Amino acid sequence: MIDMQVQSDICVIGDGVIGKTAALGFAQAGLKVSLLAPASAPRAPAAADTWDARVYAVNHVAHALLSSLKVWDALDLSRVAPVDAMEVKGDGTDMPGALTFDAYGARVGALAWIVEDRNLNQALDAALKFASNVRIVQGRASALQTDVAAASVQLDNGDVLCAELLVGADGGQSWVRAQSRIDIDYRPYGQRAIVANFSCEKPHHGVAYQWFSAAEGVIALLPLPGQRVSLVWSAPDGLADTMLQESATQLAARVGIASSHQLGMLAPLQPEQVKSFPLSLIRAHALTATRVALVGDAAHVIHPLAGHGMNLGFADVAALIETVSARGPHRDCGDARVLARYARARKEDILLMQLTTDGLARLFGTELEPLRVMRNAGLNLVDRLPGLKRRLIGHALGKS
Ligand SMILES: Cc1cc2nc3c(=O)[nH]c(=O)nc-3n(C[C@H](O)[C@H](O)[C@H](O)COP(=O)(O)OP(=O)(O)OC[C@H]3O[C@@H](n4cnc5c(N)ncnc54)[C@H](O)[C@@H]3O)c2cc1C
């Protein structure tokens, strides 16, 4: 028996940052939106002096989208750190490579911004609360039906959500993707990302540091406001296991050594806030199916070494809203030609980012000496070639 039927233009499945942004964007474009969110315990408000271990480097494309949706100004900007420069360092004591970028050279105010997950979600939740066209439905999807006319999702309580277009924003293990029979390539990296926040003895001056090493993985120290940094250490599984058994103080000491004490002594900000995430590559064979479009991690999961997974998701959302908005009066939101345009618009950007991050993860994951010498020489060479460096900066900004 059907308890309740919700009819909308767009139905978004998944209430992560990307799903919420999509729901808000479509609503602000004048469409009627339903957003399916799994029932979850309300988040306890965090104390003002605690820092979320989940942070994202948000690029210019994401910044522009969030600004146009009036979400950027709703962030607590005192907790957002601009990235003024990036320093990438290779491995080995003999001829280590190095590459630096800065906002001044790139003629932008900031290369990126470091934003906490909590800050982003709070701003999105507040905006969704005031959006008139969005209905948030709590529940779990149990069946999906699509045909040329519409998509409908049945929930386990019997309710049904019907829409012209179903947006799968339900993350790397996407239910929508599986139900739509979109195959994937999946490859685990044999690494886990360890994340934690530290105070640092020396000021970071807005520099995001990254060290590549075959034995230890990729270590990133991202600036947070004040003398604080956020660690993302993509470590081989064995090393990650060891690190997760250590105390946060031992981890701080380990990070200090691995970063050659670039920022002096490090101390854990919240010892209980060390988290870890298994890393894998997921490549969906298609971005769309009948009446379905995938966005965010549902469409692609990449290695976090470039800090671009969520940025790709924001670019998906911007492209999907633009394509649907430009569909013309005689087509509905889930029209096959509209979806084909979306898939074409995103194909190259996604492929390029998948190849770049996967290539770098593999190149810096090998301990073969000739490759070590080559990759470090490569970093030094890029650093001295202004044209190539400019293109790389453009790519990092999300502008290429
Ligand atoms: C260590 C690490 C560091 C990273 N750093 C960066 C960075 O600096 N910059 C960057 O751009 N990216 C970064 N990323 C990538 C980024 O975290 C992801 O790309 C992003 O979180 C994906 O967001 P999403 O909303 O698509 O998916 P998720 O965040 O996975 O959200 C999916 C949502 O869908 C819900 N859901 C799942 N199944 C269902 C269902 N059946 N029905 C309804 N809802 C469902 C889930 O509850 C969840 O809320 C990093 C990733 C890692 C692991």
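Use the structure listed above.
Residues numbered from 1 in each chain as written. Predicted model: local features only at pLDDT ≥ 70, side-chain atom pairs only at ≥ 80, totals over all residues. Heavy atoms only, no water.

### Observations regarding the packing of aromatic side chains
Each aromatic ring pair is specified by the distance between its two centres and by the angle formed by the two planes.
Working step 1: For the coordinates displayed, the defined rule picks out two aromatic pairs.
Working step 2: Ring centres 5.6 Å apart and planes at 70 degrees place the aromatic pair W72 and W113 in the edge-to-face group. Here W113 lies in strand 7 (residues 112-116) and W72 lies in the loop between helix 2 (60-68) and strand 4 (81-83), a separation of 41 residues in the sequence. There is no split in this pair, since W72 and W113 are both buried.
Working step 3: Sitting over the ring of W51, R79 keeps its end group 4.2 Å from the ring centre. (Phe/Tyr/Trp six-rings, centres within 6.5 Å; stacked < 30°, edge-to-face > 60°. Helix = DSSP H or I, 4+ residues; strand = E, 2+ residues; numbered from the N terminus. Buried < 20%, exposed > 50% of the residue type's maximum accessible area, 1.4 Å probe, protein only. Lys NZ or Arg CZ within 6 Å of the ring centre and 35° of its normal.)

### A closer look at the environment of P236
Working step 1: Relative to the assigned elements, P236 resides in strand 15 (residues 228-236).
Working step 2: Judged by relative accessible area, which is 23%, P236 ranks as partly exposed.
Working step 3: As a C-alpha pair, P236 and G217 span 19 residues in sequence and 6.2 Å in three-dimensional space.

### Digging into the pairing of strand 12 (residues 184-200)
Working step 1: For strand 12 and strand 17 (residues 275-284), the ladder comprises 10 bridges, and the chain directions are antiparallel. Its bridge partner being in strand 17, R187 is matched across the sheet by L281.
Working step 2: Where strand 12 and strand 16 (residues 266-268) come together, three bridges link them in antiparallel fashion. The partner of S199 across the bridge, within strand 16, is A267. (Pairing = 2+ DSSP bridges.)

### Regarding the site of the ligand
Working step 1: The ligand sits among 27 residues. The nearest are D15, A57, D297, M310 and N311.
Working step 2: Contact between the ligand and A57: an oxygen atom at 2.7 Å from a main-chain N or O atom of the residue.
Working step 3: Within the complex, the protein chains bury 81% of what would otherwise be the 1,000 Å² of accessible surface of the ligand.
Working step 4: Only helix 1 (17-28), strand 3 (55-58), strand 12 and helix 7 (309-325) provide two or more residues apiece to the shell around the ligand. (Near = heavy atom within 4 Å. Polar contact = N/O pair within 3.5 Å; in protein donor to acceptor, adjacent residues only side chain to side chain. Areas by Shrake-Rupley, 256 points an atom, 1.4 Å probe, with all protein chains shown as cover.)

### Side note on the side chain of Q270
Working step 1: With respect to the secondary-structure elements, Q270 resides in the loop between strand 16 and strand 17.
Working step 2: Within the local environment of Q270, its side chain forms a polar contact with the backbone oxygen of W51, the two atoms lying 3.0 Å apart.
Working step 3: Setting aside chain neighbours within four positions, we find Q270 in contact with T50 and W51. (Contact = heavy atoms within 4.5 Å.)

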